[in-house]
Each structure stands twice: as structure tokens, then as C-alpha cells.
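# Remarks on the overall topology
Now for the letters of each chain:
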Amino acid sequence: LYPNAEYYEEGATRIDALNVDGDAAAFTFEDADGTILRVPLPAPLAPDEQTTLQVAFTVTVPRRSDRFGYDEGVMSLGHWYPMLAVYDDEGWNLDPYVALGDAFYSDVANFTVHLTVPEDVVVATTGVQVEQMLHRPPRKTVTYVSGATRDFALALSQEYEMVRTQIEDTTVTSYYLPGHEQGGQRALDVATDALEVYNERFGRYPYTELDIAESSFTVMGSPGGMEFAGIVFISSDFYEPGSLYAIESDVVVAHEVAHQWWYGVVGNNQVDEPWLDEAFATYATIVYFQDQQDPAATEMAYWSQAVLPYQFVRMMGMDGPLQSSLLDYSDDLITYQSLVYGKGALFLARLRELLGDEAFFAVLQHHYEAHKYELLEPDAFRQSLEETTGNAEALALYDAIVVRGEPIEGMAELEVLAGLDGLLEGRFSPKEMESMMALAKQLGGFLDGEVAPEDLGELLGLMGVFLGGELAPGELDDITGLLEQLPGLLDGEASPEELDDALQLLQEMLEGL
């Protein structure tokens, strides 16, 4: 019962009644928050037998910007209903809900949802509409059904406008708020292009609808996207014309659409093995850029999503195995994203270099077809790699990067920042390190499209000299001071002119070395 998590504050799920096979049943809560509901059965349930649980419940939706909440005219309903815990070889999976990442793990199910709302409410949802009945006063009851989906999510608003298109058997719809027509159209264009790329590269999208819904969703306070079966939530910040975040919208939309393959159709334990969906969705985003966008945009996406995040966390001495739990990272979002997303995507890029395009995408297609609607075992991708290629070098690479956590070697792009090795020798204070990490994040994100690739490459090369020990203490203090100011500037607290001045000053200081 995720709404009961302390994280959601005033959010709640109240159980009003619970029956097992028609008879009232007792139940208990297994944790202090009331997120884990245990229902004893009258008798053990043998394999292939079934029982029916009827749960009457009332949900309180909090006023907050999140995957579950109401804000800015949009009600976002993710994980809003009692979800059956997964039972696997570890028993019942009862991991706690945490703010970092996506602390969810669910089997697929068939859903039938009857939704009664005011007549003017527009609904984006998992599944397809099969019936609508009008009532008085002006209300409507809409029935939706879905087959074999990992969850059932909705986004509702009286202000939604929409634009849609058809890609073969799939209707793609973009829901957006007034004034965001350009962003809504862009989200639709990217989603449809990504759908076509992923259909060809990974395997066919199996559902007849895909919705892209603008919402107030944030990731630990920052704009982002959130995947659900057949629908994704995208933060309103990415729709704002002229916003610094708007230049990131293509990356976010392509990433969340990729999750329809990696998490949606091919499921995994997002707590114990988050890399099995996040690394694949991140690399799929890069594949989308390679196939659909120009080389400059592709280079920026690759560097911002993979190279920069991984290289910086590696130089901080925080490298590690991809096969790690979400709970291992506590609330360290930077390290989590740098390894699970960044290093994971680079591992797949390195694997592609090793195998070549034909064999690499054959592995992904086999992996997708072999595990449709299933939940992956931790070593499932290694098995797909072995079954498809039998390549000993590829298997050794998997064991080194995924299992043992060795650094990724042999990629030219990782040598660009080789001058930063001084970080590993403890040359910088924690405050200086924090400044550098903040700069890396901002360069990797907000500056997409603001700095030409060749200029960014030159700047990063000069930074290698800067950190390689060729500065006097006074020069180091000057540049560190400027770096400490940049995160605030780049978060929208400065005018474009002030931002340009700060970046120009940094480049001039570096060019003067």
C-alpha cells in the first residue's frame, strides 16, 4: 500500500473491508507505516489453485508534485491501489518504499478499471477505453481494460489538451496543459520516433496505445519522468517554452518510452537489480538519438547520460558493480544515477563495440522475446548473451563490469578526462569535490544545446589540465570559487546574459593556463 509510506505525508490508503472467497477476513499491517498488508488465507493455496480477494479501500491523494499526488491541475495516480507483493525464490518481497529510484517490483496482470469522474475531466491511462456512460449531474463512468501490464496508472486533468498520431497498430497520444502546445507536440514527435526505433531494434511494442502525460512529477525535488505500463509522466518543466529544462525533454521522453520494453514488458526487481531496466533504458535513449537526431545532439546525449556521470563518480573512487541494490545507495542520487544509468549504458556501448551491431541487437531482441511479461533473474542478461553469441570475451566483460565492478576500459571517450586522475590522490577537499560534481551534473544536463560539442570537448580537455596539477594555489582557488557559483546559475537563478558571462569567464580562466 504505497500511499501509506511516510514519504507521501498526508497520502493514505484506508482498508474499509476485506473478503476472501466471499467471507470477511482478518488482516494485519506488517510495518509501522502500514505499507505492507498481510491477509492469512483459510488454507494454503496449492500450485494452480486460485482464491479471490475483495478489498474495499479509500485513498487520500496528497497535494504534492510526485508520481502519486495532485498539483498544478493534474492528479497523478501511480501505485494508487493495493498491489500484490511478488513471491519468488526469496519468498515474499517486502522491501521498504524509499524516495531514491523506483522501489517497485510487480508481476503483470489483467486490469479492468471503472472510473467515475466529472464529465469534463480528461484521462490519460494504462490500457484502452471500452465503454463510457454519462450520468446526472454531469458525470461519466469510463471503463478501461488492459492485458498483461505491469501496473495501471492514470493522469487526470480538467485542463488537458491532446494531440495524437498512429504508428502502425499503436495510437500515441500526448496530453499537455494550456500554453504548452509546442512542448506537447515535441513530446509526441519524440515518443513516436522512439517507438519506431525501439520496435525495430528491440522487438514489437505489444500494446495498442501509448500515452505521454504532462504532470508535476519531480525526482527528489527535480524535474524528471516516470514510467508506467502504457503511460509515462513527464514534468511540466520540460514543456515550458525557453526553459533550461526544455532542452532535456527529448532525452527524458525517449528514456521513459524505452522503459515500455525494459521494465514494462521485460520486468525486473527494481529494488535488487535496478540496472536491468535503467541501464537499458538509458542506452536505448542513446540508440534513439543515433537513429533519429543529428550527430551533435547524439554526442551531447551520450556524454550527458553516460560518459560524464560515470567518469566523475569513478574518479571519486565510488566505482562499483552494476549488480547492486537500490538500497545500497541510501539517498545518494548522484552515485546511483552515475553507476546504474551511466556506467550501465557505457557497459552496453562497450558490448556493442565488441560484438558489432548485428550480434548486439540480436542479443537484445532475444532477451526481449525470451522474457516478455516475465520477471528477470539477476543473471538473465548474461544467459541471453551466452545463448545468443557464446562470445567468451563478452561474457568476461559482463563478469568484470556487472558482477565484480571493475572500471570500464578501452573506450576512447573515457580518456578525454584522463587528466582528472589527481582526484583519486586526495588532492581536493570535499567542498571542491562537491563543486566539481555539481558542475559535471550541470554540464551533463542543462547545457545540452547551449554549448557546441566541439566547445564542450575543448572545455573538458582544459579542465583536465586544470585538475592535473598544473595550477598555482591561487589559480585553483579562483576557479573553485567560480565552480561553486555555477550550480546556482544553471538552476535558473541567473539571466541568460549572466550565465553566458560565467561560462565565458570559466573558459578564459582555463585557456589562460
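Report on the accompanying structure.

Definitions and cut-offs
- Residues numbered from 1 in each chain as written.
- Predicted model: local features only at pLDDT ≥ 70, side-chain atom pairs only at ≥ 80, totals over all residues.
- Heavy atoms only, no water.
- Helix = DSSP H or I, 4+ residues; strand = E, 2+ residues; numbered from the N terminus.
- Buried < 20%, exposed > 50% of the residue type's maximum accessible area, 1.4 Å probe, protein only.
- Contact = heavy atoms within 4.5 Å.
- Pairing = 2+ DSSP bridges.
- Axes fitted to C-alpha atoms, helices over the stretch in contact; angles between N-to-C directions.
- Core = buried A, V, L, I, M, F, W, Y, C linked by side-chain atoms within 4.5 Å.
- Salt bridge = Lys/Arg side-chain N within 4 Å of Asp/Glu carboxyl O.
- Polar contact = N/O pair within 3.5 Å; in protein donor to acceptor, adjacent residues only side chain to side chain.
- Parallel < 35°, antiparallel > 145°, perpendicular 65-115°, else oblique.
- Left-handed = near helix turned anticlockwise from the far one by under 90°.
- Nonpolar A, V, L, I, M, F, W, Y, C, P; charged D, E, K, R; others polar.
- 1 Å grid on protein atoms, 1.4 Å probe; cavity = no way out; pocket = protein on both sides within 12 Å on 5 of 7 lines; lining within 4 Å.
- Points joined across faces, edges and corners; volume = space filled by probe spheres on them.
- Patch = residues over 30% accessible without salt bridge, like charges linked within 9 Å, V, L, I, M, F, W, Y side chains within 5 Å.
- Areas by Shrake-Rupley, 256 points an atom, 1.4 Å probe, with all protein chains shown as cover.
- Lys, Arg positive; Asp, Glu negative; His and termini not counted.
- Charge placed at Lys NZ, Arg CZ, Asp CG, Glu CD.

So, on to the overall build of the chain. Helices and strands together make up the secondary structure of the chain, namely 12 helices and 21 strands. Buried positions account for 54% of the 513 residues belonging to the chain. Expressed as a percentage of contacts within the chain between residues at least 6 apart in sequence, the contacts between residues at least 24 apart total 68%.

This part covers the sheet that holds strand S20 (residues 225-228). Read from one edge to the other, the open sheet built from 5 strands follows the order S15-S16-S17-S21-S20, with strand pairing classed as mixed. Only two strands of the sheet have a single neighbouring strand rather than two, namely strand S15 (161-167) and S20. The sheet shows a mean angle of 15 degrees between the axes of neighbouring strands, taken without regard to direction. Here 5 bridges tie strand S17 (residues 209-215) to strand S21 (residues 231-235), and the two strands are oriented parallel to one another. When the bridges of S21 are listed, Ala213 appears paired with Phe233. Seen against the sheet, helix H1 (residues 181-201) touches S15, strand S16 (170-176) and S17 and runs at an angle of roughly 155 degrees to S16. Contacts from helix H2 (residues 249-258) reach S17, S20 and S21 within the one sheet, and its direction differs from that of S21 by about 155 degrees.

Spatially, the 3 strands line up as an open sheet ordered S2-S1-S5, and their pairing is antiparallel. Each of the sheet's edge strands pairs with one partner strand only, and the pair in question is strand S2 (23-24) and strand S5 (53-60). The sheet contact formed by strand S1 (residues 12-20) and S5 spans 8 bridges and is antiparallel. Residue pairing in the sheet places Asn19 in a bridge with Gln54 of S5.

Grouped together as the largest cluster of nonpolar side chains are 90 residues, with contacts concentrated most on Tyr198, Trp275, Phe347 and Phe381. Of the residues forming this core, the biggest block, 12 residues, is contributed by helix H5 (residues 333-355). Apart from residues lying up to four places away in sequence, Tyr198 is in contact with Gly203, Ala254, Val257, Ala258, Trp261, Ala284, Thr285 and Tyr288. Among the nonpolar cores identified, the runner-up in size contains 34 residues, and Leu77, Phe111, Ala155 and Phe233 belong to it.

Applying the stated rule across the entire model yields 16 salt bridges. When the shortest N-O distance is used, the salt bridge between Asp291 and Arg201 registers 3.0 Å. Within this pair, whereas Asp291 is found in helix H3 (residues 275-292), its partner Arg201 is found in helix H1, the two being separated by 90 residues in sequence. Asp291 gets classed as partly exposed once you look at its relative accessible area, which sits at 34%. In the salt-bridge network here, residues are joined through shared partners; they are Glu9, Arg64 and Asp66.

Time to look at the side chain of Asn199. By the secondary structure assignment, Asn199 is in helix H1. Polar contacts involving the side chain of Asn199 include one to the main-chain amide nitrogen of Tyr205, which spans 2.7 Å. Discounting chain neighbours no more than four positions away, the residues touching Asn199 are Arg204, Tyr205 and Trp261.

The geometry of H1 relative to H2 is characterised by a closest axis approach of 9 Å and an angle of 45 degrees between their N-to-C directions. As judged from the angle between their axes, H1 and H2 are oblique. The element H1 and its partner H2 pack so that their crossing is right-handed. Contact residues: Arg186, Ala187, Val190, Ala191, Ala194, Leu195 and Tyr198 in H1; Ser249, Asp250, Val253, Ala254, Val257 and Ala258 in H2. Along the lines of polarity and charge, the residues of the contact of H1 with H2 split into 10 nonpolar, 1 polar and 2 charged.

A few words now on the layout of surface pockets. Taken as a whole, the largest pocket holds about 1800 Å³ of empty space. Residue lining of the largest pocket: 48 residues in total, with Leu53, Pro82, Met83, Leu84 and Ala85 positioned closest to the centre. Those elements that provide at least two residues to the lining of the largest pocket are strand S4 (37-38), S5 and strand S10 (109-118). In terms of residue count, the dominant contributor to the lining of the largest pocket is S10 (6 residues). Grouping the constituent residues of the lining of the largest pocket by class yields 33 nonpolar, 9 polar and 6 charged.

On to H2. Along H2, 10 of the 10 residues are buried, which leaves the element largely enclosed by surrounding structure. For H2, the complete set of buried residues consists of Ser249, Asp250, Val251, Val252, Val253, Ala254, His255, Glu256, Val257 and Ala258.

Here we come to a negative patch on the surface. On the surface, a cluster of negative charge is made up of Asp89, Glu90, Asp95, Glu377 and Asp379. With relative accessibility at 34%, the residue Asp379 sits in the partly exposed group.

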